[in-house]
Amino acid sequence: MALGELLVEEAGTITGLRVLPATAEGANYEICLSTEGMLRGTKITTNWTYLQLVRTDGSIYGTGDGVCTTECGQTLHLKGSGSAAGPDENGSIPMRVINHYHTNSEKFADLNGAALVGEYDVKPDGTTAMKLWHWK
């Protein structure tokens, strides 16, 4: 098992946050995110809604759904999840994530069933950066 090529680079901004009822496991949030970037040399825009659980020990887990559109009008549907030990010394949250793509696009059909893994970092000001590699 090895990481392949870097496929996705995106930067974005959290556009919404909603507090959900807490559980015994911790605080729950619904987060909306909009990003722009590149997918294998093609410009993309992605919108996400994900649920984030901040556990009582400070660790963080998230899972969500996204829709990615390319500059050519193609659509890719996304499922993702990730985790972090908690905020770092600067208040940023360094998540490690796995995303799964599904599309009817011929150009990106090879991503159906693929796992893309990487880094999704959220800064205290709500800006984000993500890099994903193909996990082979």
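What you are looking at is a predicted structure, and each value in this text was computed from that prediction instead of being measured.

Caption draft 1: How the structure looks around the overall build of the chain. Helix and strand counts for the chain stand at zero helices and eight strands. Written out in order from the N terminus, the α and β elements of the chain read β-β-β-β-β-β-β-β. Taking the principal axes of its C-alpha atoms as reference, the chain extends roughly 45 × 30 × 25 Å. Scored against the burial criterion, the 136 residues of the chain give a buried share of 38%. Considering only contacts in the chain between residues 6 or more positions apart, those separated by 24 or more positions represent 45%. Counting only carbon and sulfur atoms, one obtains 54% of the accessible surface of the chain, whose full area is about 7400 Å².

Caption draft 2: Representation of the pattern of salt bridges in the model. Taken as a whole and assessed by the stated rule, the structure comprises five salt bridges. The partner of Glu30 in a salt bridge is Arg18, with the nearest N and O atoms 3.2 Å apart. One end of the pair, Glu30, is in strand β2 (residues 26-39); the other, Arg18, is in strand β1 (residues 3-23), and 12 residues separate them in sequence. Here Glu25 makes a salt bridge to Arg55, at a shortest N to O gap of 3.4 Å. Taken together, the positions of Glu25 in the loop between β1 and β2 and Arg55 in strand β3 (residues 42-55) put the pair 30 residues apart, joining distant regions of the chain. When its relative accessible area of 43% is taken as the criterion, Glu25 is described as partly exposed. On the basis of relative accessible area, Arg55 is assigned to the partly exposed category, the value being 28%.

Caption draft 3: Broad picture of empty space enclosed by the protein. According to the stated counting rule, one finds one cavity of 30 Å³ or more in the structure shown. By volume, the largest cavity amounts to about 190 Å³. Lining the largest cavity are 17 residues, with Trp48, Tyr50, Val97, Asn99 and Tyr120 sitting closest to its centre. Class assignment for the residues of the lining of the largest cavity results in seven nonpolar, nine polar and one charged.

Caption draft 4: Structural detail: unusual backbone geometry. Residues other than glycine seldom take positive phi values, yet Arg40 does so here, at roughly 45 degrees. You can see Arg40 is positioned in the loop between β2 and β3.

Caption draft 5: Quick look at the environment of Thr69. The topology assignment puts Thr69 in strand β4 (residues 60-70). A relative accessible area of 33% places Thr69 in the partly exposed class. Expressed as a C-alpha distance, the spacing of Thr69 and Asn47, which sit 22 residues apart in the sequence, is 8.9 Å. Excluding residues within four positions of it along the chain, Thr69 makes contact with Lys43, Ile44, Thr45, Gln74 and Thr75.

Caption draft 6: Representation of the pairing of strand β5 (residues 75-84). Of the two faces of β5, only the one carrying Leu76, Leu78, Gly80, Gly82 and Ala84 is buried; Thr75, His77, Lys79, Ser81 and Ser83 on the other face are not. For β4 and β5, the ladder comprises 10 bridges, and the chain directions are antiparallel. Considered in β5, the bridge of Ile60 is made with Ala84. Turn length for the β4-β5 hairpin, with the two strands adjacent in sequence and antiparallel, is four residues, and the turn residue Gly73 shows positive phi of about 90 degrees. Note: β5 against strand β6 (residues 93-103), eight bridges, orientation antiparallel. Paired with Ser83 across the two strands is Arg96, which belongs to β6.

Rules used in this analysis
Residues numbered from 1 in each chain as written. Predicted model: local features only at pLDDT ≥ 70, side-chain atom pairs only at ≥ 80, totals over all residues. Heavy atoms only, no water. Helix = DSSP H or I, 4+ residues; strand = E, 2+ residues; numbered from the N terminus. Buried < 20%, exposed > 50% of the residue type's maximum accessible area, 1.4 Å probe, protein only. Contact = heavy atoms within 4.5 Å. Areas by Shrake-Rupley, 256 points an atom, 1.4 Å probe, with all protein chains shown as cover. Salt bridge = Lys/Arg side-chain N within 4 Å of Asp/Glu carboxyl O. 1 Å grid on protein atoms, 1.4 Å probe; cavity = no way out; pocket = protein on both sides within 12 Å on 5 of 7 lines; lining within 4 Å. Points joined across faces, edges and corners; volume = space filled by probe spheres on them. Nonpolar A, V, L, I, M, F, W, Y, C, P; charged D, E, K, R; others polar. Pairing = 2+ DSSP bridges.

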